[in-house]
Amino acid sequence: MSAMNGDVNQNKSMKTEDTLCPLAEDGECDLSKLLEKPRLLNIDRQSSLDERSLSELSIGISPHLSITMSSSRIFEPLDYIPSPVGRRSGFNTPRSQNGFEPHPMVAEAWEALRRSLVFFRGQPVGTIAALDNTEENLNYDQVFVRDFVPSGLAFLMNGEPEIVKNFILKTLRLQSWEKKIDRFQLGEGVMPASFKVLHDPVRNNETLIADFGESAIGRVAPVDSGFWWIILLRAYTKSTGDTSLAELPECQKGMRLILSLCLSEGFDTFPTLLCADGCCMIDRRMGVYGYPIEIQALFFMALRCALLLLKQDAEGKEFIERIVKRLHALSYHMRSYFWLDLKQLNDIYRYKTEEYSHTALNKFNVMPDSLPEWIFDFMPVRGGYFIGNVSPARMDFRWFCLGNCIAILSSLATPEQSTAIMDLIESRWEELVGEMPLKVCYPAIENHEWRIVTGCDPKNTRWSYHNGGSWPVLLWLLTAACVKTGRPQIARRAIEIAETRLLKDHWPEYYDGKLGRYIGKQSRKAQTWSIAGYLVAKMMLEDPSHLGMVAIEEDKQMKPLLRRSNSWTL
């Protein structure tokens, strides 16, 4: 284990460790009485935060509740679907309240998830990455911020929010640590990639140690950790109706520090975030440097969540104004330049180059000859997706599952684009789902391109790990996107495929092969987020109101004027 920052606390100081601020028990608000809307789902719910329009949060306009409802959706708008509190799914409940018979795997999954709990001074603070004792630990014995998100969502859906609150407060405390790699000090707002609890039975104390990238492969700081932290804080608030946690001065400051890193001015000419390779779930060299879709979608989602969580005080209003401006620019940029469907592909195929004018169509000077051969067969007549990366003279046309699903959940994708993404998944089922959902990216890079892009990485060989591997954890993101777009049958089909093997194979981290047929060559067993991702997917299908934790409806003020292509028709 590489040396990492340590925070040793003796027993005599243990009582003061968790006294950031006492949380009020009465910090819930009931908006359902104000809205007086009939409920489409016959379950007991507890209301939480109202989602506010960007236009209502603009400086100089008093925020107010918007009760405009879309009659064309299958479910009530997510803004007004509070997540159920106190209900438990899984082995604690013989039969769900909605009449679904739990799959036998559900009980096994819950038992495995509870075995993964990590405790600090008697309190659960997270879940370990994997409980595979057959392999060397490396850093799989740590609590990863991104890995804990599906675990946290599972516990929230099961009426157990305490572990999520503990996790949020512990990682918030770690954020305040001094962070150095060699002689360079990282930004104050950087959240850790992971942390670990060390037990010293001789001195009778426990130590939290964190990794901010100084021990990571390639020494890359985790750009996505701060975004996931904000998203999880919003999910906790939405699920419990308890606003007191988010309103803590420490949580407000933590959000502002994360946002300060992302909203700072520099030499950028785009509203997207410039990132190094390996700064997110794809944590090794895979050619995602620049402006990867995963980071841009998470950035957009985190900004929208922060907009709902920041207090309207002097400091909060300043950030709200900056967020609103960035969201408008970011949504236009992503929807205009990252979106690809058949018409846009044909336009790129016919691009002229070396255009020097503000009226140029080929604004990034992309060479049509750089279009990969596979894209012409992969693109269906109906369908589309956000491509992997856009930067000067470079477009990465690979499909990335996480970024596209988050684009749907955050409403970075318009309703038409969301429908097109679902159409693409259905049209290219064998390629993107195959025999084990889901491909983290498609297609795999191989041969000479693999040697150049990955540096001959033996872990990222073709159709393995992050190079076209199949990751069961992505089930929860697909399911949430399917529920939001009114296509739950897609998620149900994918879950049924996963249920044929996941438990039998002992919950692998990922699968290899073009169809995802083989357990990954370096895949850990008992991978916690594979377990949690399955549980979240099952519970969300069982009770679609859980979607409100992880999805935000489209803000009509952010709709850009875009040319409508054939694949966008409903």
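Each chain has its residues counted from 1, running along the sequence as written. Predicted model: local features are reported for residues with pLDDT of at least 70 only, side-chain atom pairs are reported and counted for 80 or more only, and whole-chain, interface and lining totals are derived from all residues. Working from all heavy atoms in the structure, the side-chain values ignore hydrogens and water.

> Explanation requested: helix α17 (residues 528–542) in the structure shown.
Quick reminder: α-helices carry 3.6 residues per turn. Residues three or four places apart thus point the same way. Under the scheme used here, helices are H or I runs from DSSP no shorter than 4 residues and strands are E runs no shorter than 2 residues, and both carry numbers assigned from the N terminus. Multiplying one less than the number of residues by 1.5 Å gives the expected span of a helix. Between its first and last C-alpha, α17 extends 21 Å over 15 residues, near the 21 Å set by a 1.5 Å rise per residue. Each residue's exposure class comes from its accessible area (1.4 Å probe, protein chains only) as a fraction of the maximum for that residue type: buried when under 20%, exposed when over 50%, partly exposed otherwise. Burial analysis of α17 places 14 of its 15 residues in the buried class, the great majority of the element.

> What is the right way to look at the environment of G388 in this model?
Tracing the backbone through its elements, the reader meets G388 in the loop between β10 (384–386) and β11 (389–391). Should any heavy atoms of two residues lie within 4.5 Å, those residues are counted as being in contact. When neighbours within four sequence positions are excluded, G388 is seen to be in contact with Y291, P292, I293, F338, D396, R398 and F400.

> Would you take a moment to explain the pattern of salt bridges for this structure?
Pairing of side chains with opposite charge becomes possible as their charged atoms draw close. Any carboxyl oxygen of Asp or Glu within 4 Å of a side-chain nitrogen of Lys or Arg constitutes a salt bridge here. On inspection of all chains with the given rule, the structure shows 15 salt bridges. A salt bridge links E162 to K165; its shortest N-O distance comes to 3.4 Å. In this pair, E162 and K165 both sit in helix α4 (residues 162–175), 3 residues apart, roughly one turn of the helix. In this structure E162 comes out as partly exposed when scored by relative accessible area, which is 43%. Here the residues in one salt-bridge network are D423, E426 and R487, joined through shared partners.

> I'm lost on the side chain of Q175 in this one. Help?
Checked against the element boundaries, Q175 lands in helix α4. By relative accessible area, Q175 is classed as buried at 3%. Whenever two N or O atoms come within 3.5 Å, that pair is a polar contact, provided that in protein one can donate a hydrogen and the other can accept it, and provided that, for residues adjacent in sequence, both atoms are side-chain atoms. Only 3.0 Å separates the side chain of Q175 from the backbone oxygen of G189, close enough to count as a polar contact. Excluding residues within four positions of it along the chain, Q175 makes contact with E188, G189, V190, M191, G254, L257 and I258.

> Whenever I open this one, helix α3 (residues 145–157) confuses me. Can you help?
Over its 13 residues, α3 extends 18 Å from the first C-alpha to the last, a length consistent with the 18 Å expected when each residue adds 1.5 Å. Of all the 13 residues making up α3, 13 are buried; the element is thus mostly covered by neighbouring parts of the structure. Residue G159 follows α3 closely and has a positive phi angle near 75°.

> For this particular structure, what's the right way to read the packing of helix α5 (residues 223–240) against helix α7 (residues 293–309)?
Axes are the key here: two packed helices are described by the angle between their axes and the distance separating the axes. Where α5 contacts α7, the two axes come as close as 9 Å, and the packing angle between them is 40°. As summarised for this structure, α5 and α7 are arranged oblique, according to the angle between their axes. The two elements α5 and α7 cross, and the hand of that crossing is left-handed. The residues of α7 that touch α5, namely those facing V223, D224, F227, W228, I230, I231, L233, R234 and T237, are E294, I295, L298, F299, M301, A302, C305, A306, L308 and L309. Polarity classes work like this: nonpolar for Ala, Val, Leu, Ile, Met, Phe, Trp, Tyr, Cys and Pro, charged for Asp, Glu, Lys and Arg, and polar for all others, with Gly in that last group. Taken together, the residues of the contact of α5 with α7 break down into 15 nonpolar, 1 polar and 3 charged. Whenever a helix is involved, its axis is fitted only over the stretch in contact; in every case the axis is a line through C-alpha atoms, and angles between N-to-C directions fall within 0 to 180 degrees. These descriptions rest on fixed angle ranges, namely under 35 degrees for roughly parallel, over 145 for roughly antiparallel, 65 to 115 for roughly perpendicular, and the rest for oblique. Two helices that cross are described as forming a left-handed crossing if the nearer one is turned anticlockwise from the farther one by less than a right angle, and a right-handed crossing if clockwise.

> Sorry if this is basic, but what is going on with the side chain of S244 here?
Within the fold, S244 resides in the loop between α5 and α6 (249–263). Residue classification places S244 among the buried positions, given a relative accessible area of 12%. Engagement of the side chain of S244 in a polar contact is seen with the side chain of D242, the distance being 2.5 Å.

> Could you clarify how one ought to interpret the nonpolar core in this entry?
Inside soluble globular proteins, nonpolar side chains tend to come together where they are buried. Only buried Ala, Val, Leu, Ile, Met, Phe, Trp, Tyr and Cys residues count toward a nonpolar core, and they belong to the same one when joined by side-chain atoms within 4.5 Å. If you look at the biggest cluster of nonpolar residues, it comprises 173 residues, and the most contacted ones within it are W229, Y385, W399 and L474. Considering each element in turn, this core owes the most residues, 14 residues, to α7.

> Before we go on, may I ask you to explain the packing of aromatic side chains in this structure?
For any pair of aromatic rings, geometry is given as the distance between the ring centres together with the angle between the planes. In summary, the pairing rule links any two rings of Phe, Tyr or Trp, Trp by its six-membered ring, whose centres are within 6.5 Å, and it sorts them by plane angle into stacked for under 30 degrees, edge-to-face for over 60 and tilted for everything else. Applying the stated rule across the entire model yields 22 aromatic pairs. Consider the rings of F167 and F195, whose centres lie 6.3 Å apart with planes at 35°: the pair is tilted. Here the residue F167 occupies a position in helix α4, and F195 occupies one in strand β7 (residues 194–200), the gap between them amounting to 28 residues. Note on accessibility: F167 and F195 belong to one class, buried. A ring pair is formed by Y337 and F364, whose centres lie 5.3 Å apart and whose planes are at 80°; its orientation type is edge-to-face. Here Y337, found in helix α8 (residues 314–338), pairs with F364, found in the loop between α9 (342–349) and α10 (374–378); they are 27 residues apart in sequence, far enough to count as distant. Whether a charge sits over a ring depends on NZ of Lys or CZ of Arg being within 6 Å of the ring centre and within 35 degrees of the ring normal. The ring of W429 has R493 lying over it, and the distance from NZ or CZ to the ring centre is 4.0 Å.

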